[in-house]
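Spelled out, the chains give:
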Amino acid sequence: MSILSVRNLSKNYTIGSGLTRRSRDVVHAVEDVSLEIREGETLGIVGESGCGKSTLGRMLVRLEPITAGEVLFEGVDLSQLGGRTLRKTRKRLQMIFQDPYASLNPRRQIGLIVEEPLRVHGMKKAERKQIASDLLRRVGLDENAYEKYPHEFSGGQRQRVVIARALALSPKLVVADEPVSALDVSIQAQVLNLFKELQKEFGLTYVFIAHDLGVVRHVSDRIAVMYLGKVVELAPADELYANPAHPYTQALLSANPRMDKDDKRERIILKGDIPNPINRPSGCVFNPRCPIAQDICRTEVPKLHQVGLREVACHFPTA
Ligand code: ADP
Ligand code: MG
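Cut-offs used in this document
Residues numbered from 1 in each chain as written. Chains lettered and ligands numbered in written order. Predicted model: local features only at pLDDT ≥ 70, side-chain atom pairs only at ≥ 80, totals over all residues. Heavy atoms only, no water. Phe/Tyr/Trp six-rings, centres within 6.5 Å; stacked < 30°, edge-to-face > 60°. Helix = DSSP H or I, 4+ residues; strand = E, 2+ residues; numbered from the N terminus. Buried < 20%, exposed > 50% of the residue type's maximum accessible area, 1.4 Å probe, protein only. Lys NZ or Arg CZ within 6 Å of the ring centre and 35° of its normal. Pairing = 2+ DSSP bridges. Near = heavy atom within 4 Å. Polar contact = N/O pair within 3.5 Å; in protein donor to acceptor, adjacent residues only side chain to side chain. Areas by Shrake-Rupley, 256 points an atom, 1.4 Å probe, with all protein chains shown as cover.

*Asks:* Explain the packing of aromatic side chains to me, using residue names and the numbers behind them.
*Replies:* In total, this model carries 5 aromatic pairs according to the counting rule given. Centroid distance Y227 to F286: 5.1 Å. Interplanar angle 80°. Geometry classified as edge-to-face. Within this pair, whereas Y227 is found in strand β9 (residues 222-227), its partner F286 is found in the loop between α9 (247-255) and α10 (295-299), the two being separated by 59 residues in sequence. Each member of the pair, Y227 together with F286, is buried. The residue whose ring lies beneath K129 is Y146, and the NZ or CZ to ring-centre distance is 4.9 Å. The residue whose ring lies beneath R217 is Y241, and the NZ or CZ to ring-centre distance is 4.3 Å.

*Asks:* Lay out the sheet that holds strand β5 (residues 76-77) in plain terms, naming residues and giving numbers.
*Replies:* Read across the open sheet, the 4 strands follow the order β2-β1-β4-β5; overall the sheet is antiparallel. Looking at strand neighbours, the two that pair on one side only are β2 (25-38) and β5, the edges of this open sheet. Relative to β2, strand β1 (residues 2-15) is paired through 10 bridges, and the arrangement is antiparallel. Of the residues in β2, the one forming a bridge with N12 is H28.

*Asks:* Could you give an account of the site of ligand 1, naming the residues involved and the relevant values?
*Replies:* Ligand 1 sits among 13 residues. The nearest are G50, G52, K53, S54 and T55. Between ligand 1 and the protein, one listed contact pairs an oxygen atom with a side-chain N or O atom of T55 at 2.5 Å. Protein coverage of the free-state accessible area of ligand 1, which is 570 Å², stands at 65%. At the level of elements, β1, β2 and α1 (53-60) are the ones that each hand at least two residues to the shell around ligand 1. Ranked by the residues each element gives to the shell around ligand 1, the list is headed by α1, at 3 residues.

Next up, the structure:
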């Protein structure tokens, strides 16, 4: 069953200081994205920096106004919510960011930080202290963490605090935006494991954003690959790695250090740079860099469509 439905979602940012329309530019950060997020799954979102992952993630939890399209949470359009129902729904949708230090107020004790959302929702002190202490223990911090301050912890421990705070309101869906990118590689696996354990224990659904295919592979059930604001391929994780169908996914995978020594795939070097999202190529956004582009790719936008087990937005998908 799907918990979140994303329909034709787009986000434009208008930039530039000009007073007239012509002196301003429009950045198409996210363009016509549709997908379903299933209850209890982890949907990974990958793509290079600037492709719209964070913008999409923020729109999913209503932290970012949308330009067009809709996000339905348990069937209800988020943009239509107000007042009490909005506050109630917000509790169920939490977001975790990349930099755990920036997410924590340096002058507040850890326990108070974790309790804060409960206080805002009117819970009594004794009860919220109990919940915060339990959560801190559950994410692997010791007894006296409650009284300490953020600077007394390492990056990995601080991200555990951020996770505890996100769980305080018993969310259904957690959008984690590159939650381990700022951590030492040796710590990343531990925090990823914690995410997995908590998912089972609390029945969470995750949207897990990363720029690194290696990181999302082990936590994701399905993976969406983004390029210039669009989802170009969406597939079960194993399938995506074994048989990528979109030429961009193939290039991304081939640039990753070999995960398997029997893997004989050639390294694919893409020509040119990612275009500026202000001047997007017409037709398929990937066509100027695509090794197999044909005429139709320069004129017609390929729709995401089912090919075997995956969905792919390409006129000439492989597999
Ligand atoms: P990612 O998370 O994949 O790196 P982002 O969602 O942060 O990508 O950004 C997508 C595009 O939107 C980029 O071109 C970025 O510069 C632009 N962008 C993001 N936020 C803003 C903003 N607040 N104002 C203007 N442009 C933005
Ligand atoms: Mg980002």
